[in-house]
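Commentary on secondary and tertiary structure
Below, each chain spelled out in residue letters.
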Amino acid sequence: MTLINRSKPFVLLIGFFISNLLLWVSQASVVSSGDFNKDFFVTWSPTHVNTSNDGRSRTLKLDQESGASFSSIQTFLFGQIDMKIKLIPGSSQGTVVAYYMSSNQPNRDEIDFEFLGNVNGQPYILQTNVYADGIDNREERIHLWFDPTKDFHTYSILWNIHQIVFMVDQIPIRLYRNHADKGAAYPRLQPMSVQASLWNGESWATRGGRDKIDWAKGPFVASFGDYKIDGCVWKGNPIFCNGESNENWWNKNEFSSLTRVQKRWFKWVRKYHLIYDYCQDNGRFHNKLPKECSLPKY
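Residues numbered from 1 in each chain as written. Predicted model: local features only at pLDDT ≥ 70, side-chain atom pairs only at ≥ 80, totals over all residues. Heavy atoms only, no water.

**Section: the environment of Thr 206**
Heads up, the condition is: A run of DSSP states H or I qualifies as a helix once it reaches four residues; a run of E qualifies as a strand once it reaches two. Both are numbered from the N-terminal end. In this analysis, two residues are considered to be in contact whenever any of their non-hydrogen atoms come within 4.5 Å of each other. Definition of a polar contact: a pair of N or O atoms within 3.5 Å, with one able to donate and the other able to accept a hydrogen when the atoms are protein atoms, and with sequence-neighbouring residues admitted only if both atoms are side-chain atoms.
Assignment of secondary structure puts Thr 206 in the loop between β14 (193-200) and β15 (220-233). Sequence separation between Thr 206 and Thr 95 is 111 residues; the distance between their C-alpha atoms is 8.1 Å. Setting aside anything within four residues of it in sequence, one finds Thr 206 in contact with Gln 93, Gly 94, Gly 117, Asn 118 and Asp 211. Within the structure, Thr 206 has its side chain in polar contact with the backbone oxygen of Gly 117 (distance 2.7 Å).

**Overview of helix α4 (residues 260-272)**
Our working rule: Here a helix's expected span is defined as the number of its residues, less one, multiplied by 1.5 Å. Only protein chains enter the accessibility calculation, which uses a 1.4 Å probe; a residue is then buried when its area is under 20% of its type maximum, exposed when over 50%, and partly exposed in between. Working definition: the arc comes from the directions between the helix axis and the C-beta atoms, pointing outward to the latter.
With 13 residues, α4 extends 19 Å from end C-alpha to end C-alpha; this agrees with the ideal 18 Å at 1.5 Å per step. Three or more residues of α4 are buried, namely Phe 266, Val 269 and Arg 270. For α4, the buried positions fall inside an angular range of 95° around the axis, keeping them on one side. Residues of α4 that are exposed and point more than 90 degrees away from the buried face comprise Arg 260, Arg 264, Lys 271 and Tyr 272. Buried residues along α4 sit in contact with β10 (140-143), β13 (171-177) and β16 (274-277).

**Digging into the state of the cysteines**
Defined simply, a disulfide is a covalent bond joining two cysteines at their sulfur atoms. Cut-off, in case you're wondering: When the sulfur atoms of two cysteines come within 2.5 Å, that pair is taken as a disulfide.
Taken as a whole and assessed by the stated rule, the structure comprises two disulfides. There is a disulfide in this structure between Cys 232 and Cys 241, and the S-S distance comes to 2.2 Å. Looking along the S-S bond of the Cys 232-Cys 241 disulfide, the torsion reads about -75°, which is the left-handed sense. Overall, Cys 232 belongs to the buried group, its relative accessible area being 0%. For Cys 241, a relative accessible area of 1% gives the class buried.

**Things to note about the packing of aromatic side chains**
Here is the rule we go by: Pairing of aromatic rings covers Phe, Tyr and Trp, the last through its six-membered ring, and needs centres within 6.5 Å; plane angles under 30 degrees mean stacked, over 60 mean edge-to-face, and all others mean tilted. In this scheme, Lys NZ or Arg CZ marks a charge over a ring once it lies within 6 Å of the ring centre and within 35 degrees of the ring normal.
Under the criterion given, the structure shown has 22 aromatic pairs. A network of ring pairs unites the aromatic residues Phe 36, Phe 40, Phe 70, Phe 224 and Tyr 227 as a single cluster. Looking at Arg 58, its charged tip hangs above the ring of Phe 70, at a distance of 5.1 Å from the centre. The residue whose ring lies beneath Arg 108 is Tyr 131, and the NZ or CZ to ring-centre distance is 4.1 Å.

**Focus on the confidence of the model for the protein**
Test applied: Scored from 0 to 100, pLDDT reflects the predictor's confidence in each residue.
This prediction gives the protein a mean pLDDT of 91; 91% of its residues lie at or above 70. Long-range and interchain partners of residues 9-27, a stretch whose pLDDT sits below 50, account for nine contacts in this model, where long-range means more than four residues apart.

**Brief notes about the sheet that holds strand β5 (residues 68-72)**
Here is the rule we go by: Between any two strands, pairing holds if DSSP finds at least two bridges. Structural elements are reduced to axes, namely lines fitted to C-alpha atoms, with helices fitted over the stretch in contact, and the angle between N-to-C directions of any two is expressed from 0 to 180 degrees.
Strands sit in the order β2-β5-β14-β7-β8-β9-β10-β16 across an open sheet of eight strands; the sheet is antiparallel. Edge positions in the sheet fall to β2 (40-44) and β16, since each of these pairs with one other strand and no more. Across the sheet, the axes of successive neighbouring strands diverge by a mean angle of 15°, strand direction being ignored. Where strand β7 (residues 95-102) lies against strand β8 (residues 110-116), seven bridges are found, and the strand directions are antiparallel. In the strand pairing of β8, Tyr 100 is matched with Asp 112. Taken strand by strand, α4 contacts β10 and β16, and its axis lies near 90° from that of β16.

**With respect to the environment of Asp 169**
The residue Asp 169 is located in the loop between β12 (163-168) and β13 in this model. Distance in space between the C-alpha atoms of Asp 169 and Lys 84 is 9.1 Å, their sequence separation being 85 residues. Apart from the residues lying within four places of it in its own chain, the contact partners of Asp 169 are Phe 146, His 153 and Thr 154. Within the structure, Asp 169 has its side chain in polar contact with the side chain of His 153 (distance 2.7 Å).

**What about the nonpolar core?**
Heads up, the condition is: As used in this record, nonpolar core signifies buried Ala, Val, Leu, Ile, Met, Phe, Trp, Tyr and Cys residues forming a set joined through side-chain atoms within 4.5 Å.
Counting residues in hydrophobic clusters, the biggest one holds 61 residues, and the most contacted among them are Phe 113, Phe 115, Tyr 155, Trp 159, Ile 164 and Phe 224. Top contributing element to this core by residue count: β15, with seven residues. With residues up to four places along the chain from it excluded, the contact list for Phe 115 reads Ile 85, Leu 87, Thr 95, Val 96, Val 97, Tyr 124, Ile 125, Leu 126 and Tyr 155.

Following this line, the structure appears as structure tokens:
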């Protein structure tokens, strides 16, 4: 009597599914081309955007007519994004250079770097913010320890299932941990594009709006270049981006917290360069600080 192995087709089907899933995941993870013309499109005022012939660098211009912005063609759910930026030199008060990720939805998730211009001789302020399910009010501000107008510096966002890490030249300046299981909102379901913009923020950006843009010093130009996007490309299902794999390296356990050296740098930034932290602003929140403020940072 011959026994028929009825499980074999099922095993083959499962194997086929797994192999295709692994192929899909590998296709979902991307390292960018480094060419602004291939990875980004202009979203505001093409006449105020200038890209080098090889596509490796791009500038945005602000004048009395307009600002400018661009956005990545792809959207991503988790990954690491590095962007080199050189900020507006001289009198930049009232201007805002923004580099961020956003889902562009009414209940949007967003991870922000915002560089707030200042009067000549005064330091730039770097403001970071996190939107989760449409709610923000999570600003932190630091003074940078260098002049960001003299040369390019690398500004990075590491966003994974564990945490968001803001970095400047690989030094962590801010952490926002995933405490969703404890009731604190965390961006984890909405894909986001990578965006940059230069715009008129004189109503609030410098000394609460007291210092206005000096248009006689314009036009104002911010420069971008040598970026890298290493992220999970959104294909409609978060399951493909939530896993830990060689392709989705950012989700690995080793990136669930800071290293010992990173923690030392982070504490240094907090001690010497932090000038505002929403989690220390009891007056603003009437002594009811957001949930994440009482939870561990790392």
